[in-house]
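Observations on chain architecture
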Amino acid sequence: MSGTFNAKVYEVVKCIPEGKVATYGQVAALAGAPRNARFVGYALHVNPEPGVIPCHRVVFRDGSLAPGFAFGGPDEQRALLEDEGVRFIPPAPHHDNAGDEGWVVDLKRCQWQC
DNA sequence: GCAATGACCTGCT
DNA sequence: CAGCAGGCCATTG
């Protein structure tokens, strides 16, 4: 009930359609705070409404997921996103930040846009 | 009620 | 090109 930036985050995240993913920075920007990407993660951490907030659709700016904090594990998260229709691609040689096994979301084609 | 921390991102050196 | 530091709001102890 914090009618504030935090609540806006849930609104944006819940507004993400299937087969699409949004980045923390994007959600934060849509919430009205491009520099508050940090608190976006915190907002999802409290996750006041589990099952309603697709936190697994929220990924890093690089396309990697949140390792260790996923609801069931990066493997489950990847399978879930892939099952929804999200496209996954291997890490680029010049940009390898393996968040999980080295699979990153194709932000080029599956990043949710307003 | 005070203080500290937190799934990040951006800019500058 | 790469590495380092800072910043914001809210929640919890």
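Please refer to the structure higher up on the page.
Parameters and conventions
Residues numbered from 1 in each chain as written. Chains lettered and ligands numbered in written order. Predicted model: local features only at pLDDT ≥ 70, side-chain atom pairs only at ≥ 80, totals over all residues. Heavy atoms only, no water. Helix = DSSP H or I, 4+ residues; strand = E, 2+ residues; numbered from the N terminus. Buried < 20%, exposed > 50% of the residue type's maximum accessible area, 1.4 Å probe, protein only. Axes fitted to C-alpha atoms, helices over the stretch in contact; angles between N-to-C directions. Parallel < 35°, antiparallel > 145°, perpendicular 65-115°, else oblique. Contact = heavy atoms within 4.5 Å. Salt bridge = Lys/Arg side-chain N within 4 Å of Asp/Glu carboxyl O. 1 Å grid on protein atoms, 1.4 Å probe; cavity = no way out; pocket = protein on both sides within 12 Å on 5 of 7 lines; lining within 4 Å. Points joined across faces, edges and corners; volume = space filled by probe spheres on them. Nonpolar A, V, L, I, M, F, W, Y, C, P; charged D, E, K, R; others polar.

If you check the backbone angles, Asn47 has positive phi at about 35° while not being a glycine. Counting through the fold element by element, Asn47 comes out in the loop between helix H3 (37–46) and strand S2 (58–59). Residue classification places Asn47 among the buried residues on the basis of a relative accessible area of 16%.

What follows is about the packing of helix H1 (residues 5–14) against H3. A pair of packed helices is captured by two measures, namely the crossing angle of their axes and the spacing between those axes. As a packed pair, H1 and H3 sit with axes 9 Å apart at the nearest point and diverge in direction by 75°. For the element pair H1 / H3, the angle class is roughly perpendicular. Between H1, through Phe5, Asn6, Val9, Tyr10 and Val13, and H3, the contact on the second element is made entirely by Phe39, Val40, Ala43, Leu44 and Val46.

Time to look at the pattern of salt bridges. What the rule picks out here adds up to 2 salt bridges. The closest approach of N and O atoms between Glu84 and Arg57, which form a salt bridge, is 2.7 Å. Of this pair, Glu84 sits in helix H4 (residues 74–84) while Arg57 is found in the loop between H3 and S2, placing the two residues 27 residues apart along the sequence. A residue is classified by how much of its surface remains accessible, and Arg57, at 8% relative accessible area, is buried. Across the salt bridge formed by Arg78 and Glu82, the nearest N and O atoms sit 3.8 Å from each other. Taken together, the residues Arg78 and Glu82, both in helix H4 and 4 residues apart, mark about one turn of the helix. By relative accessible area, which is 43% here, Glu82 ends up partly exposed.

The next subject is the layout of surface pockets. Approximately 370 Å³ is the volume attributed to the largest pocket. Tyr24, Leu44, Ala66, Phe69 and Ala70 are, among the 15 residues lining the largest pocket, the residues nearest its centre. At 3 residues, the largest contribution of residues to the lining of the largest pocket is made by H3. Looking at side-chain class alone, the lining of the largest pocket contains 10 nonpolar, 5 polar and no charged residues.

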